[in-house]
Each structure stands twice: as C-alpha cells, then as structure tokens.
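Descriptive analysis of the structure
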Amino acid sequence: MNHKPNMNVGGESDSRVVPAKRPNKGGRPSAEGAEGRRLTKENTEQSTASQTQSWGNALSGLHRVREAARRDKRLQFTALLHHVTIPLLLDSFYALKRDAAPGVDGVRWKDYETDLDKRLEDLCRRVHWGTYRAQPSKRAYVPKPDGRQRPLGIAALEDKIVQQTVGESLEIYEEDFLGFSYGFRPGRSQHAALDALWTGIMRKKVNWVLDADIRDFFGSLKHEWLIKFVEHRIADRRILRLIKRWLRAGVSENGEWSKTEVGTPQGSVISPMLANIYLHYVFDLWVQQWRTQRAAGEVIVVRYADDAVLGFQHRADAERFLQDWRERLSRRLSTFWGSPTSVDKPGRTASSLCCARPSASDSSPN
C-alpha cells in the first residue's frame, strides 16, 4: 500500500548556533553580493526570515510524515529524499560533535565549517544527482571492560552529515517501535530501562530472569535482511541506495581497505537507527508474539540496543524461549550469543537488578 504524503520539508535547529548571515542559494548571487558590498540591513533581515521559514517548514513537514506513519502502520514512503535539503544538512552539521576524530577524509568539523554554505550546496547537489559516494569507515578500537578491544568505525565528515539527515527521515520508525525498546531512542535512557525492569519485576510474577546480549551484533547483522526490514516502510529507492552504499563502503585500517559483507560500523551516525530497525523485526515483534502464544505464564521484556533482560514466571518458559531465540538468531544473524547465557532466580530484592550475566554454573535454582 503506497501513499505519497507531502514531505517537501527541510530541517530546523532550535538548540544550535547557526550563521546569522548566509549567501543566497540557487547560484544566483544578489547584485550587492556580485559587487562585493556587504548586505544591507533589509536583505539581512529577509535572509534571516527565509531561514526561519525554512526550518519552520521542516518541522511541520517532518511532523506530518510522523503523523502519517502513526495513522497507517502499513504506509510506505516513496519520496523521502527531498527531505535532504540544505537547511536540514546545515542542522545536521551543527548536531555533530565538534571535537570528533576525523575519518579517512582527514576533515575535522572546524575545517568543514569554512565556506560551509558552498560545501553544503555541493553536497546536497551530489546527493540528489546520485554522484555522492560514501567513503570507507576508519577503523579504531576502544578497550572493553573484559580486556578485549571494541572495533569502531569512524565515518568521513560528509557521510556523517548525510547520515544524520537521512536518520531524521527514518524516525518514522518511532511510530512502530515497541515500548520495551529503550536503546538510542529520543527521550529514553539507560535509567528509564532500569526503571521499567524494576517495575516489571516488582509488579509482575517474575521468578526467573534471562539476561543476554548478542555477540558482535553491529558487526554481524546481515545486509540483505536489514534492507528487507527497511523496505517495510521505505519505498524510496534513492534512500535505500544510500543505506546500501554506507553498508558496503568498507573499512580502512592502517591504510588497507577491506570489504564489508555483513554488519554496520559501530560508532557511525546511522548505525543505531539501523540496529533498532533490525532488532524491531528480528526480536521485538517476535518476542511480543512469543509471550502471548507460547508462554504459559507472565513474561516481561526490556531491551536496550543489543542487550535484553526478560523475566519469566516459569522456568520452563525461560528455557523454551532461550532455545527458540537461539534458533531464530541463527537464521537472522551471522553470530550468536556473547557469553554463556542462562536462567537465574533473582528473588524479590533490590540486588536482583544488579546481578551480572550468569555463567552456565549458575543455572540451578537457588
């Protein structure tokens, strides 16, 4: 079912500093600009008013898209690329971290800010003409608590800008995501997830807890499945092409390029949204159905990114779920569980929320 709602919008920033004076768009400089004179007060006020109107249109346009997605859960959006406008690219640029490490392009935020208007005009033109090319992610590593190294992918600056902008359009999925999903979502946090878990354990019949994560989730999700999931809502082939380019751009490590056939770089701007879309279909919808059709007792769920905690009334339900989930993961991911995952009996004390992921030897009842 395809509809084509009015999505002729840009972007708005109400919390970031933007230039007060900007040259005219469209490649037609004003007479004063051509003569090398400064803009008059009247033209400056007109330019500022134009910016305000553009960002106002962006807000109302994005709201209309979200409203359309909320009203019709089967609605597919066929024309989202025109949301990639210069005002929205500008807003995305100022949303980036100013001191972030550069990618393979070596360009830092402060460097790109020079001649920003011209750069964004050129970037917007390339995106719409199809000549924009994603660059490989620069490999970096950060230490993990267990002593291992977590691989990160640092995107080039222009890739970050376009990903941030496209991510604004993909927020239509916020109308689909379920309530027990907390990771990388607006207005949600780790504390909110812990509060939900506490409330569930205290108010529901929870006697057994399953605490699990997915080993190397960001590096193992399958591209073909991700694209299929995105296509449930996005029918704009140009947006899908951009996502495919980011997924297949590869990784550069010590000057050597390597192909990426699975995964999305952890640390890139677009990866959290893509990860939530993936897990929405692979885990959230499935577990929602599982606990209503397969479970004999009560089940609670809290997911934060690729970490999930489930509470069960009956141990048999917990073990049945673990087996079913492993089988599903083997079909949807190229990896499996992180560490041995088992069922634990938390009791009714505050310490139940502080228990670490149990080892296999902890699986017997207390």
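Report on the accompanying structure. Since the structure is predicted, the reported quantities are computational estimates derived from the model, not experimental observations. (Residues numbered from 1 in each chain as written. Predicted model: local features only at pLDDT ≥ 70, side-chain atom pairs only at ≥ 80, totals over all residues. Heavy atoms only, no water.)

1. Comments concerning the pattern of salt bridges
Selection criterion: A side-chain nitrogen of Lys or Arg and a carboxyl oxygen of Asp or Glu constitute a salt bridge if their distance falls within 4 Å.
Counting across every chain of the model gives 19 salt bridges. The partner of D236 in a salt bridge is R238, and the shortest N-O contact between them spans 3.1 Å.

2. Focus: helix α7 (residues 190–203)
For the record, the criterion: Only DSSP runs of H or I with at least four residues qualify as helices, and only runs of E with at least two residues qualify as strands; both kinds are numbered from the N terminus onward. The span one expects for a helix is its residue count, reduced by one, times 1.5 Å. Exposure is judged per residue with a 1.4 Å probe applied to protein chains only, and the accessible area is read against the type maximum: over 50% gives exposed, under 20% gives buried, and values in between give partly exposed. Throughout, the arc means the angular range of directions from the helix axis out to the C-beta atoms. Residue contacts are defined here by distance: any two heavy atoms, one from each residue, within 4.5 Å place the two residues in contact.
Over its 14 residues, α7 runs 20 Å from end to end, which matches the ideal 20 Å to within 8%, given 1.5 Å per residue. The complete set of buried residues in α7 reads A193, L197, G200 and I201. Projection of α7 onto a plane perpendicular to its axis shows the buried side chains occupying an angular sector of 95°, all on one side. The exposed set on the far side of α7, more than 90 degrees from its buried face, consists of H191 and R203. Buried residues along α7 sit against β5 (208–213), β8 (299–304) and β9 (307–312).

3. Observations regarding helix α5 (residues 116–129)
The end-to-end C-alpha distance of α5 is 20 Å, a good match for the 20 Å that 14 residues give at a rise of 1.5 Å each. Every buried residue belonging to α5 is among L116, D117, L120, E121, L123, C124 and V127, and all of these are buried. Buried residues along α5 cover an arc of 165° about the axis, so they all sit on one side. Exposed residues lying more than 90 degrees from the buried face of α5 are K118 and W129. Elements in contact with the buried residues of α5: α3 (86–95), α4 (109–113), α6 (157–170) and α9 (237–247). Backbone geometry just downstream of α5 places G130 in the positive-phi region, at approximately 85°.

4. Let's talk about the side chain of Q313
Within the fold, Q313 resides in the loop between β9 and α11 (315–332). Taking the relative accessible area as the measure of exposure, Q313 reaches 19% and is therefore buried. Among residues more than four places away in sequence, those in contact with Q313 are K205, N207, W208, G297 and E298.

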